Amino acid sequence: DLGLDVRDIRGDFPILGRVMRGGAPLVYLDSAATSQKPVHVLDAERDFTLRHNAAVHRGAHQLAEEATEIYEAARATVAGFIGAEPDEVVFVKNATEGINLVAYALGLTGTVTAGKNIVVSEMEHHANLVPWQELARRTGATLDWFPLTDEGRLDLTSIDDLITEDTAVVALTHQSNVLGTLNPVELIAERARRVGALVLLDAAQSVPHRPVDVAALGADFLVFSGHKMLAPGGIGVLWGRRRLLADLPPFLTGGSMIEVVTMERSTYLPPPQRFEAGVPMTAQAVGLAAAVDYLTALGMEQVERHEVELTEQALALLSDIPGVSVIGPRTTEDRGATVAFTVDGIHAHDVGQVLDEVGVAVRVGHHCARPLHQRFGVAATTRASFYVYNTPEEVETLARGVREAQKYFG
Ligand code: PMP
């Protein structure tokens, strides 16, 4: 059996041993918001901080050399995880910053101008919508979007009207943080390439959960956050094609990203340094590399398969409950382990509260995807999301909790 040894994995996450108010053990089903961290990640950060800490790329002393070496090794580890080269990997704060960096820079290069369009979708997280709204507003470009089908997939029927010779950028989520939908990004990237448009993928919900190879996707830029993949907060990744990054102006300017500075003007280092102004989040990068090592040791195919099993179980158990409706694909062929649902007559916040009372942590609300919720005519959903440490028993607890909410409010 090549499956994950979940009991073993859980031992690496002390937080999962917590007993919550009311005496129930924690059932953590909110990894799509942020994941828990294994001791390996904390140990790596701690070891770096206690033994090697120094400002990278600066001092002439041994510690600075060690810190730089460890930081750059972390970059190489992260690059390898997504099939990229180290100099194509920029460390940023999170996916949000990565998207803002690209949107800002593309406004400066003249890639996005009046008369051009930017294409997103109706299922975007606000992080991959608002920066493009801003860019469109600043440049006079148009913002267009793929609508959604009732099953929660991209409606591709209008693709020829959306992606045209005027398209400058297509910015799409790889996997929805609400519906779980895994989008056919290869196909869309191919269409974008034909008209010379750039493609940015928001991979915040895909890179943590399945094998991702940037070359195979055909994208130009891809972003994700460490905190959703067992790593610390405050570290994320922007991957970009070397040639494109080389032509991109910086987002933040200051120390560490310059070549020569005079009082009048400055020249900038090549990527990735050009995009890493100031002293970076070094221990966090080390933690991210440790998380990548941890996931790699589990095997991303196994991670994906484990999540498919839990998702199938959740879809089956939830659809067995009268009054519960899942929004998003009902089969696991093109979806991940994020299950959002409504319960007839009960507000998501009340569902969440009853679940909280039995130790089940889920997210309620619009999950930073308000237009998506409007599309489905709901103000809020309850969202359960699964990761490497979740068990079938926990999925059962979720379903039981939803039935209890119905009894309580019904
Ligand atoms: N995109 C998607 C699909 C997400 O799920 C999230 C996190 N909820 C983000 C972007 C933003 O990630 P962060 O807050 O770490 O920048």
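What counts, and where the lines are drawn
- Residues numbered from 1 in each chain as written.
- Predicted model: local features only at pLDDT ≥ 70, side-chain atom pairs only at ≥ 80, totals over all residues.
- Heavy atoms only, no water.
- Helix = DSSP H or I, 4+ residues; strand = E, 2+ residues; numbered from the N terminus.
- Rg over C-alpha atoms; globule rule 2.2 N^0.38 Å.
- Buried < 20%, exposed > 50% of the residue type's maximum accessible area, 1.4 Å probe, protein only.
- Phe/Tyr/Trp six-rings, centres within 6.5 Å; stacked < 30°, edge-to-face > 60°.
- Lys NZ or Arg CZ within 6 Å of the ring centre and 35° of its normal.
- Expected span 1.5 Å × (residues − 1).
- Pairing = 2+ DSSP bridges.
- Axes fitted to C-alpha atoms, helices over the stretch in contact; angles between N-to-C directions.
- UniProt positions renumbered as here; feature names shortened; annotations may be inferred.
- Near = heavy atom within 4 Å.
- Polar contact = N/O pair within 3.5 Å; in protein donor to acceptor, adjacent residues only side chain to side chain.
- Areas by Shrake-Rupley, 256 points an atom, 1.4 Å probe, with all protein chains shown as cover.
- Nonpolar A, V, L, I, M, F, W, Y, C, P; charged D, E, K, R; others polar.
- Parallel < 35°, antiparallel > 145°, perpendicular 65-115°, else oblique.
- Left-handed = near helix turned anticlockwise from the far one by under 90°.
- Contact = heavy atoms within 4.5 Å.
- Salt bridge = Lys/Arg side-chain N within 4 Å of Asp/Glu carboxyl O.
- Lys, Arg positive; Asp, Glu negative; His and termini not counted.
- pLDDT = per-residue confidence, 0-100.

Student: Any chance you could explain the overall build of the protein chain here in plain terms?
Tutor: When helices and strands are tallied, the protein chain shows 14 helices and 15 strands. For a compact globule of 410 residues, the expected C-alpha radius of gyration is about 22 Å, and the protein chain comes in at 22 Å, within 12% of that figure. Its C-alpha atoms give the protein chain principal-axis dimensions of about 70 × 55 × 40 Å. Burial status across the protein chain gives 55% buried among its 410 residues.

Student: Looking at this structure, I do not really get the packing of aromatic side chains. What am I missing?
Tutor: Think of a pair of aromatic rings as described by two things: how far the centres are apart, and how the planes are tilted against each other in angle. Under the counting rule described, the total for this entry stands at six aromatic pairs. Between Phe13 and Tyr294, the ring centres sit 6.0 Å apart and the planes meet at 85°, which makes this aromatic pair edge-to-face. With a gap of 281 residues between them, Phe13 in the loop between helix 1 (6-10) and strand 1 (27-28) and Tyr294 in helix 10 (residues 282-298) connect regions that are remote in the sequence. No difference in accessibility class separates Phe13 from Tyr294, as the two residues are buried. Chaining the aromatic ring pairs together yields one cluster made of Phe13, Tyr294, Tyr387 and Tyr389. For Arg375, the ring lying beneath its charged end belongs to Phe376, and the centroid distance is 4.9 Å.

Student: I would appreciate a short explanation of helix 14 (residues 392-409) in the present structure.
Tutor: The periodicity of an α-helix, 3.6 residues per turn, causes residues three or four positions apart to be oriented the same way. Helix length check: helix 14, at 18 residues, gives a terminal C-alpha distance of 26 Å against a target of 26 Å (1.5 Å per residue), a fit within 8%. Of the residues making up helix 14, those classed as buried are Glu394, Val395, Thr397, Leu398, Ala399, Gly401, Val402, Ala405 and Gln406.

Student: Is there a simple way to explain the sheet that holds strand 15 (residues 381-385) in this structure?
Tutor: Sheet strands associate in pairs through backbone hydrogen bonding, adopting either a parallel or an antiparallel arrangement. Spatial strand order, 11-12-15-14: four strands in an open sheet with antiparallel pairing. Strand pairing shows two members of the sheet lacking a second neighbour, strand 11 (324-327) and strand 14 (363-365), which therefore form its edges. With direction set aside, neighbouring strand axes in the sheet form an average angle of 30°. Bridge analysis of strand 12 (residues 338-343) against strand 15 gives four bridges, and the strand direction is antiparallel.

Student: It is not clear to me how the UniProt feature "domain: Aminotransferase class V" (unreviewed entry) in the protein chain should be interpreted in this structure. Could you clarify?
Tutor: Under the UniProt annotation, the feature "domain: Aminotransferase class V" (unreviewed entry) is placed at residues 27-398. Within residues 27-398, the helical portion is 38% and the strand portion 17%, while the C-alpha atoms at the span's ends are 8 Å from each other.

Student: Please clarify how the site of the ligand should be interpreted in this entry.
Tutor: The environment of the ligand is formed by 13 residues, the closest being Thr96, Asp202, Ser225, His227 and Lys228. Separating a nitrogen atom of the ligand from a side-chain N or O atom of Asp202 is a distance of 2.5 Å. Residue Lys228 places a side-chain N or O atom 2.7 Å away from a nitrogen atom belonging to the ligand. Protein contact buries 90% of the 390 Å² of open area that the ligand shows by itself. Residues that form the shell around the ligand fall into these classes: three nonpolar, eight polar and two charged.

Student: Explain the packing of helix 12 (residues 348-357) against helix 14 here, please?
Tutor: To characterise two packed helices, one gives the angle between the axes of the helices and the distance between these axes. Where helix 12 meets helix 14, the closest approach of the two axes is 9 Å, and the angle between their N-to-C directions is 120°. As summarised for this structure, helix 12 and helix 14 are arranged oblique, according to the angle between their axes. Pair helix 12 / helix 14 crosses with right-handed handedness. Residues Asp350, Val351, Val354 and Leu355 of helix 12 pack against Leu398, Gly401, Val402, Glu404, Ala405 and Phe409 of helix 14. Here the contact of helix 12 with helix 14 is built from residues that sort into seven nonpolar, one polar and two charged.

Student: Any chance you could explain helix 11 (residues 300-319) here in plain terms?
Tutor: An ideal rise of 1.5 Å per residue puts 28 Å on 20 residues; helix 11 measures up with 28 Å between its terminal C-alpha atoms. Buried positions along helix 11 lie against helix 1, helix 3 (62-81), helix 10, strand 11, strand 12 and helix 14.

Student: When you look at the pattern of salt bridges in this model, what are you seeing that I'm missing?
Tutor: Working definition: two side chains of opposite charge can pair if their charged atoms are close together. Counted by the stated rule, this structure contains 16 salt bridges. Where Glu276 meets Arg75, a salt bridge forms, and the shortest distance between an N and an O atom there is 2.8 Å. Of this pair, Glu276 sits in the loop between strand 10 (266-268) and helix 10 while Arg75 sits in helix 3, and the two are 201 residues apart along the sequence. The same class applies to Glu276 and to Arg75, which are both buried. Taking the shortest distance from any N to any O, the salt bridge between Arg153 and Asp334 comes out at 2.6 Å. Separated by 181 residues along the polypeptide, Arg153 in the loop between strand 4 (142-146) and helix 6 (159-162) and Asp334 in the loop between strand 11 and strand 12 bring together distant segments of the chain. Within this structure, Glu72, Arg75 and Glu276 form a network of salt bridges that share partners.

Student: When you look at the sheet that holds strand 3 (residues 117-121) in this model, what are you seeing that I'm missing?
Tutor: Taken in spatial order, the seven strands make up an open sheet running 2-8-7-6-5-3-4, and their pairing is mixed. One side of each edge strand has no neighbouring strand; the edge strands of this open sheet are strand 2 (89-92) and strand 4. Neighbour-to-neighbour, the strand axes of this sheet turn through a mean angle of 20°, independent of strand direction. Contacting strand 3, strand 4, strand 5 (167-173) and strand 6 (198-202), helix 5 (residues 130-139) crosses the sheet at an angle of about 160° to strand 3.

Student: Any chance you could explain the side chain of Glu124 here in plain terms?
Tutor: Of note, Glu124 is situated in the loop between strand 3 and helix 5. Of the buried charged residues, Glu124 lacks a salt bridge, with Lys228 as the closest side chain of opposite charge at 13 Å. Side-chain polar atoms of Glu124 contact the side chain of Ser121, separated by 2.6 Å. Polar contacts involving the side chain of Glu124 include one to the side chain of Asn128, which spans 2.8 Å.

Student: Would you mind showing me how to read the confidence of the model for the protein chain here?
Tutor: Atomic detail in the predicted coordinates should be set aside for any region of low pLDDT. The predicted model of the protein chain has a mean per-residue pLDDT of 97, with 100% of residues at 70 or higher. In the model output, the complex is listed with pTM 0.97 alongside ipTM 0.98.

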